[in-house]
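Results of the structural survey
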Amino acid sequence: MGVREKINNILEPKQDNLSSRIYDWFMLFVICLSIVPLLFRTSCRLFNVIDVGCCAIFIIDYVLRWMTADLRSKRKRSIAFICYPFNGWAIIDLLSILPTLSLLTPSFKLLRIARLTKILRVVKFLRYYEPLQIMLRVIRQESRTLLTVLVMALSYVFCTALLIFNVEGEPIIKTFFDAIY
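Here we summarise the structure given alongside this text. On a predicted model such as this, the values are computed, not experimentally measured, just so you know.

1. Considerations on helix H1 (residues 3–11)
Where H1 is concerned, the buried positions are Ile-7, Asn-8 and Leu-11. Looking straight down H1, one finds its buried side chains confined to an arc of 100°; they lie on one side.

Here's what the structure looks like:
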């Protein structure tokens with residue numbers, strides 16, 4: 001087994017080896033740590049260090065995944081490397097890295113909007129946290145049943161709201177009791 005295969009076995013979240021599990025937990029920790037500066041309105045030196053450090057780890061992860069893209073793809077080797085940046089996970093990774101690499105000064109309003117794209121780091125949880133993957137798989141498999149339950153619940157809420165409030169905004173139940181007494 002070559003170096004690229006070993007790296008791929010570590011990077012892929014669904015591998016059953018210890019190094020892959022450690023890497024998954026490490027990345028979950030880094031994702032949580034990278035969100036900490038977003039929780040505060042002001043910025044300090046510590047938050048900048050955390051942001052740059054986490055961004056460096058995300059860049060290394062992105063490059064390693066790009067280097068091993070052909071091992072996960074069913075396409076030819078050269079085409080897999082070309083197509084990787086257009087993969088859904090790769091786009092999310094890139095969008096979560098770019099705001100930190102911004103060369104604009106903080107006075108630009110656009111930079112504040114770019115900071116919001118750092119929130120995409122939360123989406124990276126889906127890749128590494130297995131219980132969320134299980135929930136998404138169940139939602140995909142049982143989407144028709146869940147959609148039926150959603151429609152029934154919304155219908156119930158709508159009908160209940162119609163019973164409580166009539167067109168004029170006066171509760172129907174109060175009008176009903178006033179009519180009885």
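2. Here's the deal with the side chain of Asn-8
Tracing the backbone through its elements, the reader meets Asn-8 in helix H1. Accessibility expressed as a relative area gives 10% for Asn-8, which makes it buried.

3. Things to note about the packing of aromatic side chains
With the rule as written, the count across this model stands at 4 aromatic pairs. With centroids separated by 5.0 Å and ring planes inclined at 25°, the aromatic side chains of Phe-40 and Phe-47 adopt a geometry described as stacked. Centre to centre, the rings of Trp-66 and Tyr-84 are 6.3 Å apart; their planes meet at 35°, and the pair counts as tilted. Pair noted here: Trp-66 is in helix H3 (residues 45–67) and Tyr-84 is in the loop between helix H5 (77–83) and helix H6 (88–97), with a separation of 18 residues, a long-range link. Residue Trp-66 is classed as partly exposed on the basis of its relative accessible area, which comes to 34%.

4. As for the packing of H1 against helix H2 (residues 18–35)
As a packed pair, H1 and H2 sit with axes 7 Å apart at the nearest point and diverge in direction by 55°. The orientation of H1 relative to H2 falls into the category oblique. For the pair H1 and H2, contact is made by Asn-9, Ile-10 and Leu-11 and by Ser-19, Ser-20 and Tyr-23, respectively. Within the contact of H1 with H2, the residues separate by chemical class into 3 nonpolar, 3 polar and no charged.

5. A closer look at the packing of H3 against H6
Across the interface, H3 lies against H6 with an axial gap of 10 Å and an inter-helix angle of 155°. Classified by the angle between their axes, H3 and H6 sit roughly antiparallel to one another. As H3 packs across H6, the resulting crossing turns out to be left-handed. Here H3 contributes Cys-55, Phe-58, Ile-59, Asp-61, Tyr-62 and Arg-65 to the contact with H6, which in turn contributes Ala-90, Asp-93, Leu-94 and Ile-97. A class-by-class count of the residues in the contact of H3 with H6 yields 7 nonpolar, no polar and 3 charged.

About the criteria used
- Residues numbered from 1 in each chain as written.
- Predicted model: local features only at pLDDT ≥ 70, side-chain atom pairs only at ≥ 80, totals over all residues.
- Heavy atoms only, no water.
- Buried < 20%, exposed > 50% of the residue type's maximum accessible area, 1.4 Å probe, protein only.
- Helix = DSSP H or I, 4+ residues; strand = E, 2+ residues; numbered from the N terminus.
- Arc of directions from axis to C-beta.
- Phe/Tyr/Trp six-rings, centres within 6.5 Å; stacked < 30°, edge-to-face > 60°.
- Axes fitted to C-alpha atoms, helices over the stretch in contact; angles between N-to-C directions.
- Parallel < 35°, antiparallel > 145°, perpendicular 65-115°, else oblique.
- Contact = heavy atoms within 4.5 Å.
- Nonpolar A, V, L, I, M, F, W, Y, C, P; charged D, E, K, R; others polar.
- Left-handed = near helix turned anticlockwise from the far one by under 90°.

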